[in-house]
Amino acid sequence: MLIIDDHGNTYLIKGDADFHTKYGFLTAVQLQNAKIGDVLSANTGRKFHVLSPNVTDFVQKAKRGPQAMTLKDLSLIAGFSGLHSGSRVLEAGTGSGVLSIFLANIIAPEKLISYEIRDDFAEIARKNFQKFGITNIEVKSKDIYQGIDERDLDLVSLDLAEPWLAVPHAKIALKVGGYLSSYSPSITQSKKLVDALGDDYQHETFETLKREWKMDAVRPHTQMLGHTGFLTIARLLKK
Ligand code: SAH
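Novice: I'd love a proper account of the sheet that holds strand β11 (residues 174–184), names of residues and values included.
Specialist: Pairing is mixed in the open sheet, where 7 strands are placed in the order β9-β8-β7-β10-β11-β15-β12. Since the sheet does not close on itself, it has two edges, and those belong to β9 (137–141) and β12 (201–207), each with one partner. Ignoring which end each strand starts from, the neighbouring axes of this sheet average 15 degrees apart. Pairing between β12 and strand β15 (residues 230–236): 7 bridges, direction antiparallel. Residue pairing across strands places His-203 opposite Ala-234, the latter belonging to β15. The strands touched by helix α5 (residues 119–131) within the sheet are β8 (112–116) and β9, with β9 carrying the most contacts at an inclination of about 170 degrees. Across the sheet, helix α7 (residues 187–197) is in contact with β11, β12 and β15; its angle to β15 comes to roughly 10 degrees.

Here's what the structure looks like:
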């Protein structure tokens, strides 16, 4: 269950034991009897709402090994590539599995295939999938630069250092009209990727900036996450 207070602090918990926060604790009995929508009082009087967690909570609470993506980037990849239940998707690399969780949630009951070359990262990802009860992801120990086994894909999603090396394989694996997305921290990587796409794709490359506002003062927050990555979204026009 998800426990959330009025200050935006969130906790994803099993609810089978006493739960301590720095704002007070909730007892196992309170948690075991709690239903979605209940408001629980901690020993300090602090109120906690009981909610059902969803994928946005999972991606924010996932254990992170290699650099994982943020929600704004995940959302844009899914949105700009038109994903829906049943879409056929392959991604590389898995990393901590944060993007995997987000994509798998959308395409279910279809299974997401995810390639990863490092077994230690694949293990972190598998633990995240297990923790959140996500079963429609298969992590393959494979180097995408060597080829893609799958065919008729709606999306090949890349988050790795040399995405241009996967472009020849993506063309074989994608449906005409399918998408290739690539997320890179450096524009030099995006440029090399786009050069490799040639004229087979219609594509765009953009930054994703999320500037939050302080609504009590009605002005932007002083601080923001200034840079995560550049996204290239490309749609295959011909084989
Ligand atoms: N999108 C992931 C983070 C990916 S980090 C997340 O949201 O959690 C990049 C990952 O790509 C690393 O784990 C790295 O080991 C893997 N990788 C690098 N080159 C690869 C290749 N050629 N094939 C498959 N995986 C690769």
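Novice: Tell me about the site of the ligand, and name the residues and values.
Specialist: Around the ligand, the structure places 22 residues, and the nearest of them are Glu-116, Phe-121, Asp-143, Ile-144 and Asp-159. Val-98 places a polar main-chain atom, nitrogen or oxygen, 3.3 Å from an oxygen atom of the ligand. Contact distances for the ligand include 2.6 Å between an oxygen atom and a side-chain N or O atom of Glu-116. Those elements that provide at least two residues to the shell around the ligand are α4 (98–107) and β8. Of the residues contributing to the shell around the ligand, the split by class is 11 nonpolar, 6 polar and 5 charged.

Novice: How would you summarise the environment of His-227 if you had to cite specific residues and measurements?
Specialist: Relative to the assigned elements, His-227 resides in the loop between β14 (219–220) and β15. Excluding its chain neighbours within four sequence positions, the residues that come into contact with His-227 are Pro-185 and Glu-207.

Novice: So what's going on with the packing of aromatic side chains? Which residues, and what values?
Specialist: Tallied over the full model, the rule gives 4 aromatic pairs. Ring centres 5.3 Å apart and planes at 65 degrees place the aromatic pair Tyr-11 and Phe-19 in the edge-to-face group. Given a relative accessible area of 18%, Tyr-11 falls into the buried group. Through pairs of rings, three or more aromatic residues link up here, namely Tyr-11, Phe-19 and Phe-48. The cationic tip of Arg-46 hangs over the ring face of Tyr-23; the distance from NZ or CZ to the ring centre is 3.9 Å.

Novice: Which residues make up α7, and what are the values?
Specialist: For α7, the set of buried residues is Gln-189, Ser-190, Leu-193, Val-194 and Leu-197. Each buried residue of α7 lies within a common arc of 130 degrees when the element is viewed along its axis, so the set occupies one face. Looking at α7, the residues exposed on the side facing more than 90 degrees away from the buried face are Thr-188 and Lys-191. For α7, the elements touching its buried residues are α6 (167–173), β11, β12 and β15. At the N-terminal boundary of α7, the capping side chain belongs to Ser-186, with an oxygen 3.1 Å from the backbone nitrogen of Thr-188. Positioned one or two residues after α7, Gly-198 has a phi angle of 60 degrees, which is positive.

Reading the values: the criteria
All residue numbers here refer to positions counted from 1 along the written sequence of the relevant chain. Residue-level local features of this predicted model are given only where pLDDT is at least 70; pairs of side-chain atoms are given and counted only at 80 or more, and the full residue set underlies all totals for whole chains, interfaces and linings. Excluding hydrogens and water, the side-chain figures rest on all heavy atoms present in the structure. Strand pairing is assigned whenever DSSP identifies at least 2 bridges connecting the two strands. A run of H or I in DSSP counts as a helix once it spans at least four residues, and a run of E counts as a strand once it spans at least two, with each numbered from the N terminus. Under this scheme, a helix contributes an axis fitted over its contacting stretch, all axes are lines through C-alpha atoms, and angles between N-to-C directions fall in the 0 to 180 degree range. Here, residues are in contact when the closest pair of their heavy atoms is within 4.5 Å. Each residue is tested against the molecule or strand, and it is near if at least one of its non-hydrogen atoms lies within 4 Å. Think of a polar contact as two N or O atoms within 3.5 Å of one another; within protein, one of them needs to be a possible hydrogen donor and the other a possible acceptor, and neighboring residues in sequence only count if both atoms come from side chains. Gly is placed with the polar residues, together with every amino acid not listed as nonpolar (Ala, Val, Leu, Ile, Met, Phe, Trp, Tyr, Cys and Pro) or charged (Asp, Glu, Lys and Arg). The criterion for an aromatic pair is that two Phe, Tyr or Trp rings (for Trp, the six-membered ring) have centres within 6.5 Å, with stacked assigned to planes under 30 degrees apart, edge-to-face to planes over 60 apart and tilted to the rest. Accessibility here uses a 1.4 Å probe with only protein chains present; expressed as a share of the type maximum, an area under 20% marks a residue as buried, one over 50% as exposed, and anything in between as partly exposed. We count a charge as sitting over a ring when the NZ of a lysine or the CZ of an arginine lies within 6 Å of the ring centre and within 35 degrees of the ring normal. When we speak of the arc, we mean the arc of directions from the helix axis to the C-beta atoms.

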